[in-house]
Amino acid sequence: KTPTQLEEEEGGEEEEERGKGVEAAEDNVGLVIDLLHQMTFKALIREEDVERERNAVLNEMRDSSDISERIASKFYQQLFAETLLPRRFPIGKLEIVQRVNADGLRRFYEQHYFPSNMHLFLVGDFDAHRVLQHISSSFSAEPPGPRAPPSHSRRDSLAWATPPGPLPLWPLRGARVEHTFGSPPSVRYEQISHSQVSSFSLTLTMKEELESNVLVRHVFEELVDSLVGMALEGRFEELRTRGGAAAVESVDWMFLNSAREGCVLNSLVVTSEGRSWRRAARVFAKTLQELISFGLVQSELDRLLRSLVKQYKTDVEQEETMESDEVMEELMECVEAGDAFMSAGQKFELVRRMEEAVTLELVNHRVQQLFSFASLAGRNSELCAWFVCAPKREGRALKELSEATLREEMEKATARLEPYRDASVVPSFLCEDEEMDERMRRLQPCLVPVRSMRTDGTEKEEGTEVLRDPGTGVRFMGLSNGMRVTVKE
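Residues numbered from 1 in each chain as written. Predicted model: local features only at pLDDT ≥ 70, side-chain atom pairs only at ≥ 80, totals over all residues. Heavy atoms only, no water.

**Student:** Outline the pattern of salt bridges, supporting the account with residue identities and numerical values.
**Tutor:** In this structure the tally under the stated criterion is 22 salt bridges. Across the pair K412 and E408 runs a salt bridge, and its minimum N-O distance is 3.7 Å. Of this pair, K412 and E408 are both found in helix 14 (residues 403-413), 4 residues apart, which corresponds to roughly one turn of the helix. Overlapping salt bridges, with partners in common, bring together R46, E48, D49 and R52 in one network. (Salt bridge = Lys/Arg side-chain N within 4 Å of Asp/Glu carboxyl O. Helix = DSSP H or I, 4+ residues; strand = E, 2+ residues; numbered from the N terminus.)

In structure tokens:
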């Protein structure tokens, strides 16, 4: 056979092996789908199984009583006091876990586990058409509604006819979570001091009404919010570099669409060593208030925007390397919150079209919108919930920590503010980032540039010609049996 025929045969065999690999992977997906169907609709729920799981849940409840869990629970109670969320954690109530039996669980299972109350997510390397066929054959025979009548107290909230559309538009089942948006929190200030707490932290939070991100303007808001967050982070990082924020361990900002809690959480968190809480509070308050009062400067915004657009571009290049669980998590979050799901490429194209619309005035206005709640006398400051954690140790500094002293330190720090001076402005005699990137792309790696190798016929080894690169002194030789040799003296 000719070399071409052999090559075609090898290519066909490789394609066949790939096909077998895909088929085997899809067989595994089919097995998982069948197992999921059995778990969802055919579970036995035997008494001995319930008893075993009861002990596991009780152990988990005991483990969740450590200081970090108690702090999280206290924070939850402050932030969602007007809702039932602090009283009904997903792990359940102790008295229910202790007394529930197989009959009660089976009744709950038959009332709540039915197709129109379910959303199945699959992400992976498979033939979507074949997988959807398998799902249809496995699940479509199940009746759409509950297999057992709902209890009397739940009759009105368990209507099972689910309309088409995204998950946030589905009918609510169970008690409704009602927030009092626009009203001050019932507990404005909460402080926890404990011997097992190792550092000071101040969390300032405001709740806002949940809004699904489905419009182009939402992508633009995301772009602007990212710039605001980068500016805040950059200011504190610059202070740390100059030694002006040594007392501050970290400053984090979270603007989170939380579909589970049914709201948007806008939070600023500053942490420090316990004894340094005064200095940390002053640095945090001053830096934040200067950002609110004076905003960004143009050179700062230009630099951040270039960096952010470059990150969006990197996301496109790395999109194919994302793990399935990462894609799954993002997809589920989008569906739960009613957000539009976009590929990195789609988002990058939108961002490139929008970046020219980003102005300094617009970004600075957004800074005030996002952070004014955390300003002592700012708009919406009455809606801010203060949550403080600190070590419980002997010492004057920690004994004096209170809402009054904390506010006093922050008021002192914000009495005298200064506009920001961008220390990262590129001098005129240096290249801009884009020019430097272009120069680096034009440069070739200094690694055996084969095309520059030549021979002057003076070097031979057993009749084999040796190629030599005059720039690097690297010599390359190919033997008659195909072996290659590279030498650098």
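**Student:** Give me unusual backbone geometry: which residues, what numbers.
**Tutor:** Even without being a glycine, I45 presents a positive backbone phi close to 50°. Within the fold, I45 resides in the loop between helix 1 (3-41) and helix 2 (47-63). Within the chain, N380 stands out as a residue other than glycine whose phi angle is a positive 75°.

**Student:** Outline the nonpolar core, supporting the account with residue identities and numerical values.
**Tutor:** The biggest cluster of nonpolar side chains holds 58 residues, and the ones touching the most others in it are L202, L223, L232, L268, F284, F371 and L406. If one sorts the elements of this core by residue count, helix 7 (residues 216-242) sits on top with 10 residues. With near-sequence residues (within four places) excluded, L406 lies in contact with Y189, F200, L202, W277, A281, W386, V388 and L401. Ranked by size, the runner-up nonpolar core spans 7 residues in total, among them Y76, L79, L85 and A385. (Core = buried A, V, L, I, M, F, W, Y, C linked by side-chain atoms within 4.5 Å. Buried < 20%, exposed > 50% of the residue type's maximum accessible area, 1.4 Å probe, protein only. Contact = heavy atoms within 4.5 Å.)

**Student:** Summarise the sheet that holds strand 4 (residues 263-273); cite the residues concerned and give the values.
**Tutor:** The 5 strands lie next to each other as 1-5-2-4-3, forming an open sheet whose pairing is mixed. Each end of this open sheet is capped by a strand with a single partner; those strands are strand 1 (189-194) and strand 3 (248-258). Averaged over all adjacent pairs, the angle separating strand axes in this sheet is 15°, with direction ignored. Looking at chain direction, strand 2 (residues 199-209) and strand 4 are connected through 11 bridges and run antiparallel. If you follow S199 over to strand 4, its bridge partner there is E273. (Pairing = 2+ DSSP bridges. Axes fitted to C-alpha atoms, helices over the stretch in contact; angles between N-to-C directions.)

**Student:** Describe in detail the side chain of E300, supporting the description with residues and values.
**Tutor:** Tracing the chain through its elements places E300 in helix 9 (residues 298-318). There is a polar contact of 3.0 Å between the side chain of E300 and the side chain of R235. Contact partners of E300, with chain neighbours within four places excluded, come to A231, R235, Y420 and D422. (Polar contact = N/O pair within 3.5 Å; in protein donor to acceptor, adjacent residues only side chain to side chain.)

**Student:** Explain the environment of V97 residue by residue, including any values.
**Tutor:** Among the structural elements, V97 can be located in helix 4 (residues 94-99). Taking the C-alpha atoms as reference, V97 lies 7.7 Å from V57; in sequence the two are 40 residues apart. Non-local contacts of V97, meaning those with residues more than four positions away in its chain, are made with R54, V57, L58, M61 and I91.

**Student:** Which residues make up the packing of helix 8 (residues 277-294) against helix 12 (residues 360-371), and what are the values?
**Tutor:** Running from N to C, helix 8 and helix 12 point in directions that differ by 135°, and their axes come no closer than 8 Å. Considered as vectors, helix 8 and helix 12 are oriented oblique to each other. Considering only the axes of helix 8 and helix 12, their crossing is left-handed. Of the residues in helix 12, those in contact with L288, L291, I292 and F294 of helix 8 are N364, V367, Q368 and F371. Of the residues in the contact of helix 8 with helix 12, the class split is 6 nonpolar, 2 polar and no charged. (Parallel < 35°, antiparallel > 145°, perpendicular 65-115°, else oblique. Left-handed = near helix turned anticlockwise from the far one by under 90°. Nonpolar A, V, L, I, M, F, W, Y, C, P; charged D, E, K, R; others polar.)

**Student:** So what about helix 9? Which residues, and what values?
**Tutor:** Taking 1.5 Å as the rise per residue, helix 9 with 21 residues should run 30 Å; its terminal C-alpha atoms sit 30 Å apart, in good agreement. Among the residues of helix 9, those classed as buried are E300, L301, L304, L305, L308, V309 and Y312. Each buried residue of helix 9 lies within a common arc of 155° when the element is viewed along its axis, so the set occupies one face. Buried-residue contacts for helix 9 involve helix 7, helix 11 (344-354) and helix 12. (Expected span 1.5 Å × (residues − 1). Arc of directions from axis to C-beta.)

**Student:** So what about the pairing of strand 3? Which residues, and what values?
**Tutor:** Where strand 3 meets strand 4, 10 bridges bridge the pair, whose relative direction is antiparallel. Paired with V251 across the strands is V270, a residue of strand 4. What sits between strand 3 and strand 4 in their antiparallel hairpin is a turn of 4 residues, with G262 showing a positive phi close to 70°.

**Student:** Give me the side chain of H218: which residues, what numbers.
**Tutor:** Along the chain, the position of H218 falls in helix 7. Note on H218: relative accessible area 6%, which makes it buried. Aside from chain neighbours lying at most four places away, what touches H218 is E211, S212 and N213.

**Student:** Explain a negative patch on the surface residue by residue, including any values.
**Tutor:** Together, E323, D325, E326, E329, E330, E333 and E336 line one region of the surface with negative charge. Mapped onto the secondary structure, D325 falls in helix 10 (residues 324-337). (Patch = residues over 30% accessible without salt bridge, like charges linked within 9 Å, V, L, I, M, F, W, Y side chains within 5 Å. Areas by Shrake-Rupley, 256 points an atom, 1.4 Å probe, with all protein chains shown as cover. Lys, Arg positive; Asp, Glu negative; His and termini not counted. Charge placed at Lys NZ, Arg CZ, Asp CG, Glu CD.)

**Student:** Describe the packing of aromatic side chains, listing the residues and the values that go with them.
**Tutor:** Under the counting rule described, the total for this entry stands at 8 aromatic pairs. Seen from their ring centres, F41 and F139 are 6.0 Å apart, and the 75° between their planes marks the pair as edge-to-face. Remark: F139 occurs in helix 6 (residues 128-139) and F41 occurs in helix 1; sequence separation between them is 98 residues. An identical accessibility class is assigned to F41 and F139; each is buried. Through pairs of rings, three or more aromatic residues link up here, namely W253, F255 and F371. If you follow R147 out to its NZ or CZ, it ends over the ring of Y109, 5.0 Å from the centre. Here R235 stacks its cationic end above the ring of Y420, 3.7 Å away from the centre of that ring. (Phe/Tyr/Trp six-rings, centres within 6.5 Å; stacked < 30°, edge-to-face > 60°. Lys NZ or Arg CZ within 6 Å of the ring centre and 35° of its normal.)

**Student:** Explain the environment of G345 to me, using residue names and the numbers behind them.
**Tutor:** Along the chain, G345 turns up in helix 11. Taking relative accessible area as the criterion, G345 reaches 22% and is therefore assigned partly exposed. With sequence-adjacent residues up to four places away left out, G345 is seen in contact with V316 and E319.

**Student:** Before we move on, could you go through the confidence of the model for the chain and cite the residues and values that matter?
**Tutor:** Here the chain averages 81 in pLDDT, while 79% of its residues score no lower than 70. Ranking the elements of the chain by mean pLDDT puts strand 6 (residues 460-461) last with 52 and helix 12 first with 96. In this model, residues 446-453 is a region of pLDDT below 50 whose contacts with residues beyond four sequence positions or in other chains number 14 contacts. (pLDDT = per-residue confidence, 0-100.)

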